[in-house]
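What follows is each chain in one-letter form.
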Amino acid sequence: MAEVILMPRLSDTMTEGVIAAWHKKVGDPVKKGELLAEVETDKATMELESYKDGTLLHIGTEKGGKLQVNDLLAIIGNKGEDISGLIGGSGSSTAAKQPEKKEEKASKPASSGLQPATAALDVSKMDEVVLMPRLSDTMTEGVIAGWLKNVGDTVKKGDVLAEIETDKATMELESYKNGKLLYQGAKKGEKIAVNDLLCIIGEEGKVDVNAIVAAAKGGIVMADAGAPGSESLKTEVSSQAAISEHHGASSSNGRVKASPLAKKLAAEKGIDISKMSGSGDGGRIVKADIDNYTPAATPVTATPAAEKKAATPVFTPVISGQEGFTDIPNSQMRNVIAKRLGESKFSAPHFYLTMEINMDNAMAARPQLNEISPVKISFNDMVVKACALALRQHPAINASWLGDKIRRYHHVHIGMAVAIEDGLIVPVVRFADQKTLSQIAAESKELSGKARNKKLQPNEFTGNTFTISNLGMMDVEEFTAIINPPDSCILAVGRIKEVVVRKGDGFGVSNVMKVTLSCDHRSVDGASGAAFLQTFKKFLESPITMLL
């Protein structure tokens, strides 16, 4: 019997999916576990496998099409089976019907005069419409960091449309279809809320831009009945093109076309990218251009001997005493940090537990571990592992306050606070209690690098159940940290310090590290936090126990 497959919810915030690719076509045999399609969600492009054997009898939309969660995605059954009852009509696919519907709409006779466009137009289901995606779990709006395509430009699938600054990072947004960019929903530096109209891509003269924009704004537009070829469309496109021309489409307005990673690498290496030419799309500067950049030799002018002997004039500095300041606009990331940590600090009753840990054995064990480990293990990796194992024994710490209940997690996902230029981001080592020190070291290094280059994917900085903030490498001896929601606790780790201690009848030197656990008193009690720290201390003071 034929079975219907609906568009699944592949992330917690997903409302619709775009078919990035079909790996089976109608009529192909399908086996359980075989790849059916790639679905682009609001967080990532994910592979969708079949959960039954049979023949692919129907697909809900072609490649590039959108489907809402729980819309009909595919039907799998026996070859030749009647599925008309499952798709509400004949056995032909919905995808095959779509062109006929468009032709029928275009063939309707145009009445004279002006008519209001329908207010019920659902722009979210239109192929030409690109809405602002939710690029992180906490994102509510995005700022246009820069447009890589301007109104009137031809766009191909995979071309970078724009750079979007979210609360977590600056991300590149690629087009998932071919066409011409007919409309931009905001200028550079402006904000667009998630699911608001970002841009329109389609065939010029066949898309009523005015009607789409009005529907997206929840209003009614007075459009010519002959909308597909109307002057209103030309006026809209022309005005948008004038805006793009005014703000500049290339380096003629001083804006350099470069990826965020290329800009960051150039800044670190002191390279002036305004004097470079890029190998990317439209002359865009990419990482490879920075890596392969060779500065031009600066000609050296010979200095006459007489000039060398001339006395260097002595200048007396003039102290102007002029006061001044610079206002730096908050980035999206900085705004969200302020909002979320402010809410955490002032809504969650924090209490703090500080403990000293003897790191002599850890310092002795680390060189031995690194002799056999494929990757270098740091003290922070040992802290992550010790935390993960201690959380397994103390589930009350691995929890979240949800108002009317406390959620205790059965999995251990450790977040690691990483400082970047725009603020702070927390990449997550998932199932850290089940991973070896070498695995944690390799994953931590990769995630930290991605965080600093703003290349983390949403699933790599969400889902933490406990967070570690380590400032020991910056010579900070002791500090307290603000709880990172939705966690109930965060561990602040200081530097390893040599201290004089009594040993036997004399004195000696030991290596001591101070840690401070910040706890949400709504979900964690003092005794529970102290017990967790005691277990954590035992693991670090006897590292061999973490290998058992």
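Residues numbered from 1 in each chain as written. Predicted model: local features only at pLDDT ≥ 70, side-chain atom pairs only at ≥ 80, totals over all residues. Heavy atoms only, no water.

*Asks:* Please explain the overall build of the chain as it appears in this structure.
*Replies:* Each helix and strand in the chain was counted, giving twelve helices and 28 strands. Classification of the 548 residues of the chain by burial places 45% in the buried group. The long-range share in the chain, meaning contacts at least 24 apart out of those at least 6 apart in sequence, stands at 62%. (Helix = DSSP H or I, 4+ residues; strand = E, 2+ residues; numbered from the N terminus. Buried < 20%, exposed > 50% of the residue type's maximum accessible area, 1.4 Å probe, protein only. Contact = heavy atoms within 4.5 Å.)

*Asks:* Help me out: how do you make sense of a nonpolar patch on the surface in this one?
*Replies:* A cluster of nonpolar residues, Val 500, Phe 507 and Val 509, forms a patch on the protein surface that exposes about 350 Å² of accessible area. In this structure, Val 500 sits in strand E27 (residues 489-503). Val 500 gets classed as exposed once you look at its relative accessible area, which sits at 64%. (Patch = residues over 30% accessible without salt bridge, like charges linked within 9 Å, V, L, I, M, F, W, Y side chains within 5 Å. Areas by Shrake-Rupley, 256 points an atom, 1.4 Å probe, with all protein chains shown as cover. Salt bridge = Lys/Arg side-chain N within 4 Å of Asp/Glu carboxyl O.)

*Asks:* Hey, could you run me through the sheet that holds strand E5 (residues 45-49) in this one?
*Replies:* Strand pairs in the sheet, formed through backbone hydrogen bonds, run parallel or antiparallel to each other. Sheet architecture is open: four strands sit in the order E5-E4-E2-E7, paired in antiparallel fashion. Looking along the sheet, the strands with just one partner apiece sit at the ends: E5 and strand E7 (66-68). Averaged over all pairs of adjacent strands, the angle between their axes in this sheet comes to 40°, without regard to strand direction. When strand E2 (residues 16-22) meets strand E4 (residues 35-40), the two strands line up antiparallel, connected through four bridges. In the strand pairing of E4, Val 18 is matched with Glu 40. (Pairing = 2+ DSSP bridges. Axes fitted to C-alpha atoms, helices over the stretch in contact; angles between N-to-C directions.)

*Asks:* Please clarify how the sheet that holds strand E28 (residues 506-520) should be interpreted in this entry.
*Replies:* What the six strands build is an open sheet, ordered E19-E28-E27-E26-E22-E25; its pairing is mixed. Since the sheet does not close on itself, it has two edges, and those belong to strand E19 (350-358) and strand E25 (428-429), each with one partner. Two strands pair when backbone bridges link them, and strand E22 (residues 414-416) and E25 are joined in this way by two bridges, in the antiparallel orientation. Within E25, the position partnered with Gly 415 by the bridge is Val 428.

*Asks:* Sorry, what's going on with the packing of helix H10 (residues 379-393) against helix H11 (residues 437-452) here?
*Replies:* Each pair of packed helices gets described by two things: the angle between the helix axes and the distance between those axes. H11 packs onto H10 with a crossing angle of 120° between their chain directions and a minimal axis gap of 9 Å. Compared by their axis directions, H10 and H11 come out oblique. Relative to H11, H10 is oriented so that their crossing is right-handed. Facing H10, whose interface residues are Asp 381, Met 382, Val 384 and Lys 385, H11 presents Leu 437, Ile 440, Ala 441 and Ser 444. (Parallel < 35°, antiparallel > 145°, perpendicular 65-115°, else oblique. Left-handed = near helix turned anticlockwise from the far one by under 90°.)

*Asks:* Explain the environment of Gln 434 here, please?
*Replies:* By the secondary structure assignment, Gln 434 is in the loop between E25 and H11. For the pair Gln 434 and His 411, spaced 23 residues apart in sequence, the C-alpha to C-alpha distance is 9.6 Å. If we ignore the near neighbours within four places in the chain, the residues touching Gln 434 are Arg 392 and Gln 439.

*Asks:* Mind showing me how you'd approach helix H3 (residues 209-216) here?
*Replies:* Each full turn of the α-helix corresponds to 3.6 residues, which orients residues three or four apart in the same direction. Across the eight residues that make up H3, a large majority, seven, are buried. All buried positions along H3 are accounted for by Val 209, Asn 210, Ala 211, Ile 212, Val 213, Ala 214 and Ala 215. Taking the backbone nitrogen of Asn 210 as reference, a side-chain oxygen 3.3 Å away marks Asp 208 as the first, capping residue of H3. Just beyond H3, the residue with positive phi is Gly 218, at close to 80°. (Polar contact = N/O pair within 3.5 Å; in protein donor to acceptor, adjacent residues only side chain to side chain.)

*Asks:* I keep staring at the packing of aromatic side chains and nothing clicks. Help me out?
*Replies:* Tallied over the full model, the rule gives two aromatic pairs. Here the aromatic rings of Phe 466 and Phe 532 are separated by 5.5 Å at their centres, their planes lie at 50°, and the arrangement is tilted. Here Phe 532 lies in helix H12 (residues 526-541) and Phe 466 lies in strand E26 (residues 466-470), a separation of 66 residues in the sequence. Each of the two residues, Phe 466 as well as Phe 532, counts as buried. Ring centres of Phe 532 and Phe 536 lie 6.3 Å apart, and the angle between their planes is 15°; this geometry places the pair in the stacked category. (Phe/Tyr/Trp six-rings, centres within 6.5 Å; stacked < 30°, edge-to-face > 60°.)

*Asks:* Please clarify how unusual backbone geometry should be interpreted in this entry.
*Replies:* The omega angle of the peptide bond from Pro 485 to Pro 486 is 10°, so this bond is cis rather than trans. Despite not being glycine, Phe 431 has its phi angle at roughly 50°, a positive value. Structurally, Phe 431 is set in the loop between E25 and H11. Phi at Lys 454 takes a positive value of approximately 55°, unusual for a residue other than glycine.

*Asks:* What's the story with the packing of H10 against H12 in this structure? I'm lost.
*Replies:* At a minimum axis distance of 9 Å, the contact between H10 and H12 shows a crossing angle of 135°. In this view, H10 runs oblique relative to H12, as classed from their interaxial angle. Judged by the twist between their axes, the crossing of H10 over H12 is right-handed. The residues of H12 that touch H10, namely those facing Met 382, Val 383, Ala 386, Cys 387, Leu 389, Ala 390, Leu 391 and Gln 393, are Phe 532, Thr 535, Phe 536, Phe 539 and Leu 540. Here the residues of the contact of H10 with H12 sort into eleven nonpolar, two polar and no charged. (Nonpolar A, V, L, I, M, F, W, Y, C, P; charged D, E, K, R; others polar.)

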